[in-house]
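Commentary on secondary and tertiary structure
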Amino acid sequence: MPILVTVRYIVFFACFSLLLNGCVAQKSSVQPYEARQQREAALQNAGLEQQYRIKTKQQNEETASAEKIKDVLMPTMKLINDRIYEYEQKLDALNALKSSLSEKDVSQDTLDQLDSCGRSLKDILVEYNALNQRLLQKTELEAAQLIAGESLLRISERDIAFLESDCKSLMVSPSEMTPQGMSQPVLRNLHREEIQLKESFAAGDYELVVTSYQDLPLDDGQKPSFDATYLYGQALLKTRQENKAREVFIELLETIRRQDQALWEFRLEQLIGDLEFGLGSYVQARERYREIQKTYKDLESKNNWAEQQLNALELSSRQSDEVSDYAALLKNFLAYNPERDGYVVVQQAQSYLEKHPYSPVASSADQLLAMAQLEADKWLNQVLKKADSLAKQGKYQESQLLLERVPRNIIPPDKQESIRRKSEQLITAESIAVETSRLVEEQELQEQWNDAMGLLETRNYDQAIEKFTALRTTSYGEKATAKVDEAAKLAAEADRRRASDLFVRAKRTNDVESKKKLLFTSRKLLQDILIKYPQAGLSDKVKRHLQSVEQEIQSIDPTLLNMPTTVGGDIYLDNEVQKQPVAADESPLSGE
């Protein structure tokens, strides 16, 4: 249940952060106005010093509270907004499922369970929305923290209980319904496709993200999730389709506003403003930034960026080069694709700061430079790490090819030097690996050679021939071929002697059946020599011996040679009987 564990962890972290941030916030102090001493001196004469101090203190405390409350609660509000969006998606899916059941033969129990799950979904959604509104309206930090801490724990318990309930089995598409009720829980096609889309984006395959999103299996009235659409917009940016991306983000912003998702609203507002700035739509960008200033006037961290962007836009009519240069930088930053751009955006930001060191957006350019540098370094480190990984697998050619494919015109000289050094390291590593492999192979071949020689010396000729034959395609090839011929000749000589011995024994015996077995076994040994050891140089002798054996068989019964015989049949002797020796001078075949 990884989702439940994640929900529990996030809730605990959010509540802990509330308490911790509360302590920090209570310890912070408010700086007095710069002209406070002068004003106090003037007010003393009028007898208003005490009233002024009280009023000033109240104003400072209110200002500090307004500035800090949203920043302190931002992680919690993000969690709440995310859960609101999640439950809105669940509710939409459940409503779509219920509307399709009119065409299905579904049991009443299933319908009742759907209604019950729908009520639970709505209750949880209402509670999250209510908590979000209460936090947005609070001006006292301690009260807001207390509300968030207590309410969030209570709602999260209901949230987790719902995720653990039987309702999760109902979140399937109508096509997966059965007449008896719902099928077992399965992953819906749309959800599976969106998961693959996210994996493609993480892998940097932005073209695939665009096509996958456009091919999502949507029913009538069904929309992709917020995350999938957001990634689609980002993929459009990465593939230089900025105007389409702007349309996607504007539509998302309208959806978020209808759902009262404050956190995502700011992100999209800023992203669209920056994109419009980068596209040269200065009027629209100016309106976006002013709206951000108006909406988030109490949040200094969010206002600074908008204020700097507005300051730059004010120069658009007087210093067009400075503004257009910054717009180009901003556009390229938003569309940054490390495999395509490398350090181009970094170099562009550095060039801008060198050319316009006193620009009102110099600090913004610094931020873009820092973020682009971080992304570019991350990309290059991943390339080098992958090259090392391929090298560890012994894929040195693939590793070198990976480095060679990095365009040199998108990386600065110092990074090119890093790639060059890595390439040299890989070449050295490959040479060492090749030599090590060669030594290991030589050792293995030597061991195989020694084994073959041992078999030859112990007169296991057939096994020795097999071992030497396997070595013929190696560096031992010439030597192994000679040994194959030597072993074949020795084996042929040994079998010819055995055949001769058996022939002698056949001549001596008076038992007809034993005589036949001895002769046929001798005959087979001679036939095998012709087949197995043709290189032995004994073919003529063996053929003459074979002729003598067959003549002896015919003298017993002329029809015997025409009878079918099989190896291992009764017509042949077993190996032990074959090995009984006969004196060489008694064999009529041994002297030939």
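Further up the page is the structure itself.
Across its full length, the protein carries 23 helices and two strands. Residue burial in the protein is summarised as follows: out of 592 residues, 42% are buried. Restricting the contact set of the protein to residue pairs at least 6 apart, pairs at least 24 apart contribute 67%. Summed over all atoms, the accessible surface of the protein reaches about 33,400 Å², with 49% contributed by carbon and sulfur.

Residues Phe249, Phe277, Tyr289, Tyr326, Leu329 and Trp379 are the most contacted members of the largest nonpolar core, which totals 73 residues. Those residues in contact with leucine 329 that lie beyond four places of it in its chain are Val345, Gln348, Ala349, Tyr352, Ala365 and Leu368. One finds Phe503, Leu519, Phe520 and Leu538 within the second-largest nonpolar core, a separate group that totals 37 residues.

Direction vectors running N to C along helix α19 (residues 461-470) and helix α20 (residues 477-508) enclose 165°, while the axes themselves pass 9 Å from each other. Looking at the two axes, α19 sits roughly antiparallel to α20. Two packed elements cross with a definite hand, and for α19 against α20 that hand is left-handed. Along its contact with α19, which presents Tyr461, Ile465, Phe468 and Thr469, the element α20 presents Ala480, Lys483, Val484, Ala487, Ala488, Leu490, Ala491 and Ala494. Residues that form the contact of α19 with α20 fall into these classes: 10 nonpolar, one polar and one charged.

Our focus in this paragraph is the packing of aromatic side chains. Summed over all chains, the structure comprises nine aromatic pairs. With centroids separated by 5.2 Å and ring planes inclined at 70°, the aromatic side chains of phenylalanine 201 and tyrosine 206 adopt a geometry described as edge-to-face. On the basis of an interplanar angle of 55° and a centroid distance of 5.7 Å, the ring pair of tyrosine 230 and phenylalanine 249 is categorised as tilted. Here tyrosine 230, found in helix α8 (residues 226-238), pairs with phenylalanine 249, found in helix α9 (residues 242-259); they are 19 residues apart in sequence, far enough to count as distant. On the basis of relative accessible area, tyrosine 230 is assigned to the partly exposed category, the value being 21%. On the basis of relative accessibility, which here comes to 0%, the residue phenylalanine 249 falls in the buried class. Here the aromatic cluster, defined as three or more aromatic residues joined through ring pairs, consists of Phe277, Tyr282, Tyr326 and Tyr352.

What counts, and where the lines are drawn
- Residues numbered from 1 in each chain as written.
- Predicted model: local features only at pLDDT ≥ 70, side-chain atom pairs only at ≥ 80, totals over all residues.
- Heavy atoms only, no water.
- Helix = DSSP H or I, 4+ residues; strand = E, 2+ residues; numbered from the N terminus.
- Buried < 20%, exposed > 50% of the residue type's maximum accessible area, 1.4 Å probe, protein only.
- Contact = heavy atoms within 4.5 Å.
- Areas by Shrake-Rupley, 256 points an atom, 1.4 Å probe, with all protein chains shown as cover.
- Core = buried A, V, L, I, M, F, W, Y, C linked by side-chain atoms within 4.5 Å.
- Axes fitted to C-alpha atoms, helices over the stretch in contact; angles between N-to-C directions.
- Parallel < 35°, antiparallel > 145°, perpendicular 65-115°, else oblique.
- Left-handed = near helix turned anticlockwise from the far one by under 90°.
- Nonpolar A, V, L, I, M, F, W, Y, C, P; charged D, E, K, R; others polar.
- Phe/Tyr/Trp six-rings, centres within 6.5 Å; stacked < 30°, edge-to-face > 60°.

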